[in-house]
Amino acid sequence: MEEIKCECGHVNPHGTVICESCGRSIGEEIEKSRPLIDMRYDGSARRSQTHNKTVIDKIWNFFSSVKVGVSLIVITLIASAIGTIFPQEMYIPPNVRPEDFYQDEYGVLGQIYYALGFHNLYGSWWYMILVASIGVSLVICSLDRVIPLYRALKKQGVTRHVSFMKRQRLYSLSSVGNASETVSMVREKLEEKRYHVRTENGNVLAEKNRFSRWGPYVNHIGLIIFLFGVMLRYVPGMYVDEVLWLREGETREIPGTEGKYYLENHQFIYETYSKEKEKEVFQEAISRVGDGMVAKNYQTNVTLYEKPEETLPGAEAQLDKVKDEEIRVNEPLKFESFAVYQVDYRLNELNEMTFELIEKESGKSFGNVTINLLDPEKEYDLGNGYKVEIASYLPDFYFNSAGEPDTRTRVPNNPAFVFNMITPETPDGETSFVAIQQTIEPNGDNQFKMKFVDVKTINVTGLTVRKDLTLWILGLGGAIFMIGLIQGSYWHHRRIWIRVDENNVHLAGHTNKNWYGLKHEMEYVIQNTDLEKPVDQKQLSET
């Protein structure tokens, strides 16, 4: 792009509206069409307004638009709001298929919700593209404006053209007897007001709080860092927020540790307040809720194990004990960058059921079958030709919309079995459907049956495993954003120009915020002088 040389001799980049040195308008038609000069970015040339030939230019121009940036933010906010209508996949029961859960719980809307990917919104590829696009827009918007603005403010001259002075919002023209003495008095008061004053050939440029102009761009830097931290959460190993259900006596791998750490649940303790045992201060609350209804303590006694690194592939690991811990609410187990919190529990969950194979007519027993409801075996041999096969197992039994037996979840809330009983008398086997308080023999009356004997329950603790290596990045981004917000909100960039033409003194002022404050300050610095008070030309033109 060709450069533009102003009449003052300064060479400006192509697309410059106001000369960076003297402030003269580039092009007479601009001066005629705009009575007041447009001081956004001090009239400097922006790349998005001067380059539009290559594909890179078009991409740059698209993302440099404030409208595009705002639109991306609005779309992301709307998508985030829709993502809160139904629970995210991470919050649904872990042992049920997501597509079945959303259809069963929310019908057609649930199906659409799942099909469009809103069930796993914050990890979906299109949501990540939206977040990344906002970051790209912030970067390009900032670079497109901050670099030309910095160059214009750095190169601004002290002596400004008369047309520049006259087209400022605050302006006055005065005829004085001794211009140099008057300007000297004004300069002293400007310094008193903590302006940085520069002089050139009797002309003055007073400026303060320039740093406030960078407030919005500091905001952008904070937002970019914050968005970068958000996206880092999807990098493996940077962020973990998983739920671990652990039954008493069970040892399981801790999610997010890549098989390095394991946790064993020795006992889950649930304690409540009682009128007889508690102090008088709790009596009123216990009476209002009910004896034994107010939870006093949720606690899981666990042992943390570490898997040795030298374990051979395929070999059974001998876990090394790290430490014993008592996990309570707000008292997590901590190791490395992980924290394990007590968040939920299930008391007396069904664990084992025992059935007895008997002959219906004689009542003779041929042995017991104990079934682990979490990991049932396919076949149980009772000896002497008697055995029981599990043809089908429904942990959470119900009849679906088609009237067929089905299971809601993999949790044994309402177990049901289809047994195939093989005996010497019935070598082809007899089929029996057995559920709690329900037995169905689909092939007619059987010779044998499975009689319920006993059930064992177990307590289950719900733990949340968390790891967040992005927290300090999010905090840093938030802190920088607040610094930029304060920087741009509580300080205002103010400039006052004085141009002396023999006995005529031109006085002009500009600020990015709080014009009333600047006008009041200009009136203060010209007190006891012959200079005219500045007029707000915008209000004058409107009236």
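Each value, and the rule that gives it
Residues numbered from 1 in each chain as written. Predicted model: local features only at pLDDT ≥ 70, side-chain atom pairs only at ≥ 80, totals over all residues. Heavy atoms only, no water. Pairing = 2+ DSSP bridges. Helix = DSSP H or I, 4+ residues; strand = E, 2+ residues; numbered from the N terminus. Contact = heavy atoms within 4.5 Å. Axes fitted to C-alpha atoms, helices over the stretch in contact; angles between N-to-C directions. Buried < 20%, exposed > 50% of the residue type's maximum accessible area, 1.4 Å probe, protein only. Phe/Tyr/Trp six-rings, centres within 6.5 Å; stacked < 30°, edge-to-face > 60°. Lys NZ or Arg CZ within 6 Å of the ring centre and 35° of its normal. Expected span 1.5 Å × (residues − 1). Arc of directions from axis to C-beta.

Undergrad: Break down the sheet that holds strand E22 (residues 494-501) for me, with residues and values.
TA: A sheet is described by the order of its strands in space; here six strands give the open sequence E4-E5-E22-E23-E3-E24, paired in antiparallel fashion. At either end of the open sheet lies a strand with only one pairing partner, and these are strand E4 (196-200) and strand E24 (535-536). Sheet strands in contact with helix H8 (residues 179-192) are E4, strand E5 (203-208), E22 and strand E23 (504-511), and its direction is about 170° off that of E22. Helix-sheet contacts for helix H12 (residues 515-525) involve strand E3 (170-175), E5, E22, E23 and E24, and the interaxial angle to E23 is about 150°.

Undergrad: Could you give an account of the pairing of strand E19 (residues 430-435), naming the residues involved and the relevant values?
TA: The side chains of a regular strand alternate between both faces of the sheet. In terms of burial, E19 is largely enclosed, as five of its six residues are buried. Where strand E18 (residues 416-422) meets E19, six bridges bridge the pair, whose relative direction is antiparallel. Looking across to E19, one finds that Ala416 is bridged to Ala435. In this sheet, strand E20 (residues 438-440) lies alongside E19 in antiparallel orientation, the contact comprising three bridges. Across the sheet, Ala435 pairs through a bridge with Gln438, a residue of E20. Turn length for the E19-E20 hairpin, with the two strands adjacent in sequence and antiparallel, is two residues, and the turn residue Gln437 shows positive phi of about 60°.

Undergrad: So what's going on with the packing of aromatic side chains? Residues and values would help.
TA: Taken as a whole and judged by the stated rule, the model has 32 aromatic pairs. Between Phe335 and Phe338, the ring centres sit 5.4 Å apart and the planes meet at 15°, which makes this aromatic pair stacked. Given the relative accessible area of 5%, Phe338 is considered buried. Judged by centre distance (5.0 Å) and plane angle (15°), the rings of Tyr393 and Phe417 are stacked. Placement of the pair is Tyr393 in strand E15 (residues 386-394) and Phe417 in strand E18, with a sequence separation of 24 residues. Within the aromatic cluster, the residues linked to one another by ring pairs are Phe86, Phe101, Tyr102, Tyr106, Tyr113, Tyr114, Phe118, Tyr122, Trp126 and Tyr127. Looking at Arg47, its charged tip hangs above the ring of Trp60, at a distance of 5.1 Å from the centre. The aromatic ring of Tyr524 is capped on one face by Lys189, whose charged end is 5.6 Å from the ring centroid.

Undergrad: An account of H8 is needed here, citing residue identities and associated values.
TA: Its 14 residues place the ends of H8 20 Å apart at the C-alpha level, agreeing with the 20 Å of an ideal helix rising 1.5 Å per residue. By the burial criterion, the buried members of H8 are Ala179, Thr182, Val183, Val186, Lys189 and Leu190. Seen end-on, H8 carries its buried residues on one side only, within an arc spanning 125°. In H8, the exposed positions that point more than 90 degrees away from the buried face belong to Ser180, Glu188 and Glu192. Packed against the buried residues of H8 are E4, E5, E22, E23 and H12. Looking one or two residues past H8, Arg194 carries a phi angle of roughly 65°, positive in sign.

Read these as spatial facts, not as claims about activity.
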